[in-house]
Amino acid sequence: MQFSKTLINWYSINKRSLPWRETKDPYFIWLSEIILQQTQVKQGLPYYEAFLREFPSVFQLANANESDVLKLWQGLGYYSRARHLHATAKYVVNELNGEFPKSFKELIKLKGIGDYTASAIASICFNEPAAVVDGNVYRVLSRYFGIDTPINSTKGIKEFKLLAQELIDKKKPADFNQSIMEFGAIQCKPQNPDCSVCPLNISCVALKQNRIDQLPVKIKAVKAKKKYFNFLVFISEDGKTILEQRKTKGIWQNLYQFPLVETKSEMDFNTFKKHIDNHELLKNSSFDLSFYNETSIVHKLSHQHLYTKFWIINVKNLETKGVSINNIKDYAVPILIGNFIESFRF
DNA sequence: AATGCGGGGGC
DNA sequence: GCCCCAGCATT
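Residues numbered from 1 in each chain as written. Chains lettered and ligands numbered in written order. Predicted model: local features only at pLDDT ≥ 70, side-chain atom pairs only at ≥ 80, totals over all residues. Heavy atoms only, no water.

By the naming in an unreviewed UniProt entry, chain A goes by Adenine DNA glycosylase and is assigned to Seonamhaeicola sediminis. Quoted verbatim from the Function (unreviewed entry) field of UniProt, the annotation for chain A is "Adenine glycosylase active on G-A mispairs. MutY also corrects error-prone DNA synthesis past GO lesions which are due to the oxidatively damaged form of guanine: 7,8-dihydro-8-oxoguanine (8-oxo-dGTP)." (UniProt positions renumbered as here; feature names shortened; annotations may be inferred.)

This is the structure in structure tokens:
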């Protein structure tokens, strides 16, 4: 197939030099693939290097505490990846003697490994002809073949997977998979690709029909909801503050934060002072309230916009409820909290 | 089939 | 402001 040959040839010339491309060790490939889910190389690379420094093998990762793994993951987002990464490391060490499964069928059973990641590991590490379909593959195939089935519909997911599976070079599954993804990342970019230098421009359907900017088709995402977060930043005279671990499902599960009061709207000083008067951590004690930011900090997640205020609460002492302010950098926190901690002078 | 989950960057 | 990103789990 000319399509596959062209991609593999393009890849051999244009591929970026990246650390996980120097190995077929499933631990390294697995780690890189989990980190790179929904994450660009530029953002994930430093995390990959940090994880390998801290956990050179699956055994060190399995022996770590989840809190330490989350701390290292801090800032990368989609924290369930880190929790599943750790759980799978423990499973591989404890149940599989530290050896990763060697087939798509077995790999996909592991936590945090879905169709894409199982295909990536099986092809790159074990030469199994399992086609990867990530955001890049959707884009390349939808444009080159002029397919307008929505890529995030059930029909589209099946259709593109089938097509990729037909196109894969069964003799070079690793090269084919990586070539089509790299091609999507560098040549067939989301915005303003330079089709004049594309090795596939002669036969690209979208280019011929002048539909490059209309493909791939995607079903619209729901709009983000607004939420109003008020963090209680306690400061005691003996140098302590309060951090709590988020145990509920939802965003930032198992990360730490200052005690959170969610409200229906943005709080001004007087309203908020009344609002928290009966708060569990404040009743029967005197406190001095002030704000860190008078206008909300807007933190945008994919599905929520968080209008956030940090409230400074000076108290006499916090006894055992508090943690030493000197140690707060040891806790894994959302980037929203992390940015505050960095800029606030305790 | 639909929803939730982060954060950074491009335009 | 909207879209995109080496997706997965849950319901």
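Structure's up, so let's keep going.
Participant: How should I be thinking about the nonpolar core in this particular structure?
Facilitator: Of all hydrophobic cores here, the largest spans 64 residues; its most connected members are W30, W73, W252 and F258. The element contributing the most residues to this core is helix α2 (residues 26-35), with six residues. When residues of this core are assigned to domains, at least three fall in each of domain 1 (2-130 + 160-185) and domain 2 (225-343). Leaving out residues up to four positions away in the same chain, W73 has contacts with I34, I35, Y47, F51, Y78, Y79, R81, A82 and L85. F3, V132, I168 and A206 belong to the second largest nonpolar core, which has 34 residues in total. (Core = buried A, V, L, I, M, F, W, Y, C linked by side-chain atoms within 4.5 Å. Buried < 20%, exposed > 50% of the residue type's maximum accessible area, 1.4 Å probe, protein only. Helix = DSSP H or I, 4+ residues; strand = E, 2+ residues; numbered from the N terminus. Domains from an automatic or database assignment. Contact = heavy atoms within 4.5 Å.)

Participant: Just to check I follow, could you spell out the domain arrangement of chain A for this structure?
Facilitator: According to the domain assignment, chain A contains domain 1 (2-130 + 160-185) and domain 2 (225-343). For domain 1 versus domain 2, the distance between C-alpha centres works out to 36 Å. The interface of domain 1 with domain 2 comprises nine residues on the first partner and 13 residues on the second. Across the domain 1 to domain 2 interface the summed buried area is about 820 Å²; carbon plus sulfur atoms make up 51%. Among the residues domain 1 hides against domain 2, the three largest losses belong to K71, Q74 and Y79. Together they make up 49% of the total. If you look at where domain 1 meets domain 2, you find zero salt bridges. Our count for the domain 1 to domain 2 interface comes out at five residue pairs in polar contact (both at pLDDT 80 or more). The leading source of residues in the side of domain 1 that touches domain 2 is helix α5 (residues 66-73), at four residues. By residue class, the composition of the side of domain 1 that touches domain 2 is three nonpolar, three polar and three charged. (Buried area = accessible area lost by both parts, 1.4 Å probe. Salt bridge = Lys/Arg side-chain N within 4 Å of Asp/Glu carboxyl O. Polar contact = N/O pair within 3.5 Å; in protein donor to acceptor, adjacent residues only side chain to side chain. Nonpolar A, V, L, I, M, F, W, Y, C, P; charged D, E, K, R; others polar.)

Participant: Where do I start with the pairing of strand β5 (residues 260-263) in this structure?
Facilitator: In the case of a regular strand, side chains alternate between the two sheet surfaces. The two faces of β5 differ: V261 and T263 on one face are buried, but L260 and E262 on the other face are not. As paired elements, strand β1 (residues 225-236) and β5 share four bridges and run antiparallel to each other. Bridging from a neighbouring strand, F229 pairs with E262 of β5. (Pairing = 2+ DSSP bridges.)

Participant: Even after reading the chapter, I still don't get the protein's contact with DNA strand C, so can you show me in this structure?
Facilitator: Around DNA strand C lies a shell of 27 residues, among which G112, T117, D134, R139 and K220 are the nearest. Protein-proximal atoms of DNA strand C, defined as those within 4 Å of the protein, fall in sugar or phosphate at a share of 73%. Between a phosphate oxygen of DNA strand C and a main-chain N or O atom of G114, the distance comes to 2.8 Å. Put simply, the parts of the chain that give the surface near DNA strand C at least two residues each are α8 (115-126), α9 (135-144) and α11 (173-186). Tallied by class, the residues present in the surface near DNA strand C amount to seven nonpolar, nine polar and eleven charged. (Near = heavy atom within 4 Å.)

Participant: Help me understand the protein's contact with DNA strand B, please; the structure alone is not making it clear to me.
Facilitator: Neighbouring DNA strand B are 21 residues, the closest being T154, I251, W252, H299 and Q304. In DNA strand B, the atoms that sit within 4 Å of the protein are 59% sugar and phosphate, with bases accounting for the remainder. One of the side-chain N or O atoms of H299 is found 2.7 Å from a phosphate oxygen in DNA strand B. The contact in question runs from a base nitrogen of DNA strand B to an N or O atom on the side chain of H303, over 3.5 Å. In the surface near DNA strand B, the residues fall into eight nonpolar, twelve polar and one charged.

Participant: When you look at the UniProt feature "domain: HhH-GPD" (unreviewed entry) in chain A in this model, what are you seeing that I'm missing?
Facilitator: In the numbering used here, UniProt assigns the "domain: HhH-GPD" (unreviewed entry) feature to residues 35-186. Between the first and last C-alpha atoms of residues 35-186 the distance is 19 Å; the span itself is 66% helix and 0% strand.

Participant: Even after reading the chapter, I still don't get the environment of V217, so can you show me in this structure?
Facilitator: Along the chain, V217 turns up in the loop between α12 (205-208) and β1. The exposure class assigned to V217 is partly exposed, which follows from its relative accessible area of 27%. For the pair V217 and P150, spaced 67 residues apart in the sequence, the C-alpha separation amounts to 4.7 Å. Not counting the four nearest positions on each side in its chain, V217 is found in contact with D148, T149, P150 and I151.

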